[in-house]
Amino acid sequence: MRKIDLHIHTTCSDGVYSPKEIVEKAHQLDLNVIAITDHDCVKGYRQGRTYANKYGIEIIPGVEISTYYNDYELHILGYFINVKNRNLKVMLRFLQAGRYKRAEKIVKNLNKFGIRINIKDIYKQSAKSGVIGRPHIANAMLEGGYIGNYNDAFVDYIGNDGPAYVQKPSYTPAQVINIVHSAGGATILAHPGILNNDFLIPDLVDMGLDGLEAFHPFHSSVQRDTYLMLAEKYNLLVTGGSDFHGINKAHDILGKAVLKEKYFQKLKDYCAAKVKNR
Ligand code: AMP
Ligand code: ZN
Ligand code: FE
Ligand code: FE
């Protein structure tokens, strides 16, 4: 049985390990198929590809795109995308630039609370040209001695309900779905169980959503079964992965959350047919 993990982050967004290190870890853990799905960025996939080929690991192009629907945050995974697609590149550039602007706003908010970090402290936390995310801001706060532990940054300040939180500039879910489709990919709602907004699923399906990430380490078995059932109901693909960031030991699950081959094959066939029919 092949070991398949379709949700992994690297230093190209808010992961701790570089694409090279991720592929080496995947090799050590005997993973056969991986997708690097960095936030709003495909550089991790491009860098990882060379190493994956060396180890005979199948690496599929992926991305995790942040969007909002009626102020609810959604993450949409794109798989089997043509990373050279123009529309996709334009969207990712916009989202990456938006993340910088948003980080500056969050820093201003934090300053009001006496947290004297500046944007350069945040750049220090992200890899050169890596996409800025809230984990980098949390690390800068921790390094400055303003919080006791990493999670406090989210609980007290920058979590979605926190006083310093700012939304990212974004495309609408319908736009994200259309652009991923135009790049030949499939769109999957990431970790729906974490987002707690299942009532949006029918609307997303109407917009063309192709699948649900039923298998995720933070999903309970009840949630997993719910999403498998919803996938049947709406005739959707099913995916899964570890969502490994490498940030804390408690979430050291690379290679432990695996997707069954039958689901992966369906995704692959679906995308191949879509590209052929265009
Ligand atoms: P961003 O994409 O910049 O909005 O940051 C989102 C990332 O921050 C997620 O992928 C998680 O890694 C992290 N994150 C968000 N909320 C929390 C939270 N409440 N506790 C810990 N990490 C979080
Ligand atoms: Zn992340
Ligand atoms: Fe996510
Ligand atoms: Fe993720």
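In case you missed it, the structure is sitting above this.
The structure contained in this document is the topic of the report that follows. (Residues numbered from 1 in each chain as written. Chains lettered and ligands numbered in written order. Predicted model: local features only at pLDDT ≥ 70, side-chain atom pairs only at ≥ 80, totals over all residues. Heavy atoms only, no water.)

So, the packing of helix α1 (residues 19-28) against helix α2 (residues 43-55)
Two elements in contact, α1 and α2, have axes whose closest approach is 8 Å; the angle formed by their N-to-C orientations is 35°. Our pair here, α1 against α2, has a crossing hand that is right-handed. Taken together, the residues of α2 that come into contact with α1 (itself represented by P19, K20, V23, E24 and H27) are G44, Q47, G48, Y51, A52 and Y55. In the contact of α1 with α2, the residues fall into five nonpolar, four polar and two charged. (Axes fitted to C-alpha atoms, helices over the stretch in contact; angles between N-to-C directions. Helix = DSSP H or I, 4+ residues; strand = E, 2+ residues; numbered from the N terminus. Left-handed = near helix turned anticlockwise from the far one by under 90°. Contact = heavy atoms within 4.5 Å. Nonpolar A, V, L, I, M, F, W, Y, C, P; charged D, E, K, R; others polar.)

Considerations on the nonpolar core
Membership of the largest hydrophobic core comes to 63 residues, with the highest contact counts inside it found for L6, Y79, L212, F264 and L267. The biggest single contributor to this core is strand β3 (residues 58-69), with five residues. Setting aside its immediate chain neighbours within four residues, L212 contacts I188, L189, I201, Y227, L230, A231, L236, L237, V238 and T239. If you look at the next biggest cluster of nonpolar residues, it comprises 20 residues, including L110, I137, M141 and I158. (Core = buried A, V, L, I, M, F, W, Y, C linked by side-chain atoms within 4.5 Å. Buried < 20%, exposed > 50% of the residue type's maximum accessible area, 1.4 Å probe, protein only.)

Side note on the coordination of the iron ion (ligand 4)
Every protein donor of the iron ion (ligand 4) is accounted for by H7 (NE2), H9 (NE2), E64 (OE) and D243 (OD), and the metal-donor separations fall at 2.0 to 2.2 Å. Of note, the donors binding the iron ion (ligand 4) are all from one chain and are spaced H-x1-H-x54-E-x178-D. The zinc ion (ligand 2) is placed at 4.8 Å from the iron ion (ligand 4). Here H7, found in strand β1 (residues 4-8), pairs with D243, found in the loop between β7 (237-240) and α11 (261-276); they are 236 residues apart in sequence, far enough to count as distant. Each member of the pair, H7 as well as D243, is classed as buried. (Donors = N, O, S within 2.8 Å, 3.2 Å for Na, K, Ca; no water.)

So, helix α10 (residues 221-233)
Between its terminal C-alpha atoms α10 stretches 18 Å, which fits the 18 Å expected from 13 residues at 1.5 Å a residue. Among the residues making up α10, those that are buried are Y227, L228, L230 and A231. Along the axis of α10, the buried positions cluster into a sector of 165°, meaning they face one direction only. Summarising the geometry of α10, the exposed residues directed more than 90 degrees from the buried face are V222, M229, E232 and K233. Buried residues belonging to α10 abut α8 (192-195), α9 (201-207), β6 (211-215), β7 and α11. Just downstream of α10 lies N235, where phi reads positive at about 55°. (Expected span 1.5 Å × (residues − 1). Arc of directions from axis to C-beta.)

Observations concerning the coordination of the zinc ion (ligand 2)
The zinc ion (ligand 2) binds to the protein through D14 (OD), D14 (OD), H39 (NE2) and H245 (NE2); the donor distances cover 2.0 to 2.6 Å. Mapped onto the sequence, the donors of the zinc ion (ligand 2) take the spacing D-x24-H-x205-H.

Regarding the sheet that holds β6
The sheet built from seven strands is open, its strands ordered β1-β2-β3-β4-β5-β6-β7 with mixed pairing. In this open sheet, the two edge strands, each paired with only one partner strand, are β1 and β7. On average, each strand axis in the sheet is inclined to that of its neighbour by 35°, with strand direction left out of account. When β1 meets strand β2 (residues 33-36), the two strands line up parallel, connected through three bridges. Bridging from a neighbouring strand, D5 pairs with I34 of β2. The strands that helix α7 (residues 173-182) touches are β3, β4 (72-79) and β5 (186-189); relative to β3, the one it contacts most, it runs at about 160°. Where α10 meets the sheet, it contacts β6 and β7, and its direction lies at approximately 155° from that of β6. (Pairing = 2+ DSSP bridges.)

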